[in-house]
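# Observations on chain architecture
The chain contents come next:
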Amino acid sequence: MKKSVILIGFILSFLATQAQEIKLDKTSFNALDLTYPGLEQVNKLVNNGDYEKAAQQLLQYYRNRTKVKLTEYNPDDKIKYAGKQLPQATMEKADRALLHLFQPHKGYGYFDYGKDINWQLWPVKDNEVRWQLHRVYWWQSMGLAYWSTGDEKYAKEWVFQFRDWVRKNPLGLSADNDMYAWRPLEVSERVQSLPGTFNMFLYSPSFTPQFLLEFLNSYNEQASYIQAHYSAVGNHLLFEAQRVVTAGCFFPELKNAESWRKSGVSVLNREITKQVYPDGMQFELSPNYHNAAIDIFLNALRTTQLAGEDDDFPASYKKTVENMILATINFSFPDYTFPMFGDSWLANKQAMLKEYQPWAAAFSDNQVIRYFATDHKEGSAPSYLSHALTTAGFYTFRNSWENNATVMVLKASPPGEFHAQPDNGTFELWVKGRDFTPDAGVYVYSGDSAINKLRESYRETRVHQTLTLDDQNMVITKATLNKWETSKDLDILTYTNPSYKDLDHKRSVLFIDQKYFVIIDQAIGNATGNLGIHFQLKEDSQPIFDTKSNSVHTSYADGNNLLIQSLTGNLKEEPGKVSYAYRTEVPRPAFVFEKPKADDKPQYFISIVYPYDGLKAPEISLQENKGFNLEMGQLDMTITINGEKKVIATQLN
């Protein structure tokens, strides 16, 4: 009886699969270059009109193919997963996908798209949810579950979902659907992930000869679409080009393969000279997207090398990628995190160490990259400390590369792209393992008016560590470097940013004795209004506010603390919040030092940012000496800290 039930179930499953199969004809093979080596028998069968056998022969060809390799998820990789337990999150994603419960974006939970999948469902009016639905991230989770368990239900369901997506999301269905399902970035995400998924399910009984041709024809349409609809600029264009390279290298049997590869290579060779500044920073000025660009350029290089196309990229291309990695090192903290500038989110050390592995492999002679790839066990630290990426406007003050370091990374940049914010002058300060002044971060990207309002609240100038006029957003982010000079006892940065109409913000930062900072802010121009120098602290800092001394200090029980004191402004608390991950936020302390600007005369603020050990904040005072003249760029002052005096006399310009 049990055997009969199993047999009936198998027959029903087989019949259901057959019901989906399409009738093949000569046009089914139109995307293929049937003269490609290895397809001789397929070509013969197609010419003879034996399309079913031709499809079977083609499937056999792909199952026997060994020369084409991906950077991950090749058929031989199955052994690493077979019978092995997958991470719980991967299995959950795969199992829920069987029920059509999809998680398009990690910032949200799972949404039910229905037994009859509704690919146009928009459960939250966040554009990313609808865009990323069409990236079908869970398909690779299903593939890994299939490799791990061998359970045919994952393969069967994937074939069903692939066919369902193709049938319900044809190009031209509607302008609305094309905007989401056929945005070039989403198409490129599918084109990138589908080869790995293809390898995972290729040997499944559900992967029939007919399905193979459906898959190839859809893939051909999608890859060709990208080539004809590249984004105009930015990381989207880089992603799309790199993924077209993948398409051309993984499916060389398709007629358009060489065109895809050459097109993607051409775009990347062109864009690496346009999008990467001479200092190694990608021009969107977002640390996360900068690192993504590194991976894009390297992935394309490795993909073409695996395909035997070693001459696609010149030596200068690889040198630029190396400089990009060194830029990451320069704006990173000792724990491998980095500022959350420009829509970046909180980094993770283990994830970054994983990032460094292919970087170190690609540049095996670079001992600095090796140092960070091995968690400081091999290689060597950079020979310098403080360092400036002067084109990008990322300035790092540093007294060590070790975990007990003091590191400030300040942004005073040219205009950026979509991910840049009106925040020139903002900084993060990391001391002995603690980031005292995290950037506001990214909460959400885009959507309806309510979503966009949430996004703007994290982009505002006043939620960054910089100057505002009447709490308004700065109009221009186009900093000009006036001075960058480093020495053992004093590092100096001075830049000027035309922040508002008729008001320039000139900020000078002094790193004194490799221990503490003096920040001098000048508001220069005819504009009038209320000036403010804003600061935000880590959410658990439990600060003590002292309006008498115009100071704020943290109260960490471990004694690793920070004092921020204004020697010229008036202290006022502000509401604050921070987002370390998409759609998550926590309140945090924030405050501002204010003063009015009533006429065309310049106004200035002097702030002390002083890390200290212990539970009692130091007593600090300042005296302007005879040579003090900020309008002439002359700094001459005496700082007294717990009774000890230090004269600071230097030229700021």
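Preceding this section is the structure that the text describes.
The structure reproduced in this document is the subject of the present report. Since we're looking at a predicted model, the values are computed, not measured. (Residues numbered from 1 in each chain as written. Predicted model: local features only at pLDDT ≥ 70, side-chain atom pairs only at ≥ 80, totals over all residues. Heavy atoms only, no water.)

Within the fold, Asp435 resides in strand β7 (residues 434–435). No salt bridge is formed by the buried Asp435; the nearest opposite charge belongs to Arg588, separated by 7.5 Å. With sequence-adjacent residues up to four places away left out, Asp435 is seen in contact with Phe333, Glu428, Leu429, Trp430 and Lys538. (Helix = DSSP H or I, 4+ residues; strand = E, 2+ residues; numbered from the N terminus. Buried < 20%, exposed > 50% of the residue type's maximum accessible area, 1.4 Å probe, protein only. Lys, Arg positive; Asp, Glu negative; His and termini not counted. Salt bridge = Lys/Arg side-chain N within 4 Å of Asp/Glu carboxyl O. Contact = heavy atoms within 4.5 Å.)

Take the pattern of salt bridges next. For the structure shown, the criterion picks out 35 salt bridges. Asp176 is the partner of Arg130 in a salt bridge, and the nearest nitrogen-oxygen pair spans 2.5 Å. Here Arg130 is found in helix α5 (residues 127–133), whereas its partner Asp176 is found in helix α8 (residues 175–181), with 46 residues between them in sequence. One salt bridge in this structure joins Lys168 and Asp164, with 3.2 Å as the shortest N-O distance. Separated by 4 residues within a single helix, Lys168 and Asp164 lie in helix α7 (residues 152–168), roughly one turn from each other. The pair formed by Lys168 and Asp164 is uniform in burial state, with each residue classed as buried. It is possible to trace a salt-bridge network through shared partners that takes in Arg135, Arg183, Glu186, Glu189 and Arg243.

This brings us to the sheet that holds strand β8 (residues 467–469). Here 4 strands make up an open sheet; going across it, the order is β8-β13-β20-β17 and the pairing antiparallel. With one partner strand each, in any of the chains shown, β8 and β17 (570–574) form the two edges of the open sheet. Averaged over all adjacent pairs, the angle separating strand axes in this sheet is 30°, with direction ignored. Strand direction decides the pairing type here: β8 and strand β13 (residues 529–536), joined by 3 bridges, are antiparallel. (Pairing = 2+ DSSP bridges. Axes fitted to C-alpha atoms, helices over the stretch in contact; angles between N-to-C directions.)

Where strand β23 (residues 634–641) lies against strand β24 (residues 644–651), 8 bridges are found, and the strand directions are antiparallel. By the bridge assignment, Asp636 is partnered in β24 with Ala649. From the end of β23 to the start of β24, which pair antiparallel, there are 2 residues, and Asn642 there has a positive phi angle of about 50°.

With that out of the way, let us pick up unusual backbone geometry. A positive phi angle, near 40°, is found at Val136, a position not held by glycine. Tracing the chain through its elements places Val136 in the loop between α5 and α6 (138–149). Positive phi outside glycine occurs at His376, with the angle close to 75°. Note that His376 resides in the loop between α16 (367–373) and β3 (387–389).

For the rest of this paragraph, the subject is helix α4 (residues 88–98). Within α4 the residues assigned to the buried category are Thr90, Met91, Ala94 and Ala97. Looking straight down α4, one finds its buried side chains confined to an arc of 130°; they lie on one side. In this structure, α4 carries Gln88 and Ala89 as exposed residues pointing more than 90 degrees from its buried face. Structurally, α4 contributes buried residues whose contacts are with β1 (101–102), α6 and α7. In the segment just after α4, His100 is the residue with positive phi, at about 65°. (Arc of directions from axis to C-beta.)

With that out of the way, let us pick up the sheet that holds β24. Taken together, the 3 strands give an open sheet; going across it, the order is β22-β23-β24, and neighbouring strands pair in antiparallel fashion. Only two strands of the sheet have a single partner each, and these edge strands are β22 (620–624) and β24. Mean inter-strand twist for the sheet, computed between neighbouring axes without regard to direction, equals 25°. Pairing of β22 with β23 involves 5 bridges; the strand directions are antiparallel.

Taken N-terminus to C-terminus, the directions of α7 and helix α9 (residues 184–201) make an angle of 145°; their axes are 11 Å apart at the nearest point. The two elements α7 and α9 meet at a crossing, and its hand is left-handed. When α7 is examined against α9, the residues Tyr154, Ala155, Trp158, Phe162 and Trp165 are found in contact with a partner set consisting of Arg190, Leu194, Thr197 and Phe201. Residue composition of the contact of α7 with α9, grouped by class: 7 nonpolar, 1 polar and 1 charged. (Left-handed = near helix turned anticlockwise from the far one by under 90°. Nonpolar A, V, L, I, M, F, W, Y, C, P; charged D, E, K, R; others polar.)

Let's shift gears to the packing of helix α10 (residues 209–228) against helix α12 (residues 257–275). Contact geometry of α10 with α12 gives a least axis separation of 10 Å together with a crossing angle of 35°. Every pair of crossing elements has a handedness; the one defined by α10 and α12 is left-handed. Within the contact between the two elements, α10 uses Asn220, Ala223, Ser224 and Gln227 and α12 uses Ser259, Trp260 and Ser263. Considered class by class, the residues forming the contact of α10 with α12 number 2 nonpolar, 5 polar and no charged.

Moving on, we come to α9. In a regular helix each residue adds 1.5 Å, so 18 residues correspond to 26 Å; α9 covers 25 Å between its end C-alpha atoms and thus fits that length. When the local axis directions of α9 are compared, the greatest deviation, roughly 35°, occurs at Leu194, which is followed within four positions by the proline Pro195. Among the 18 residues in α9, 17 count as buried, and that is most of the element. (Expected span 1.5 Å × (residues − 1). Bend = angle between axes of the 7 residues up to and from the residue.)

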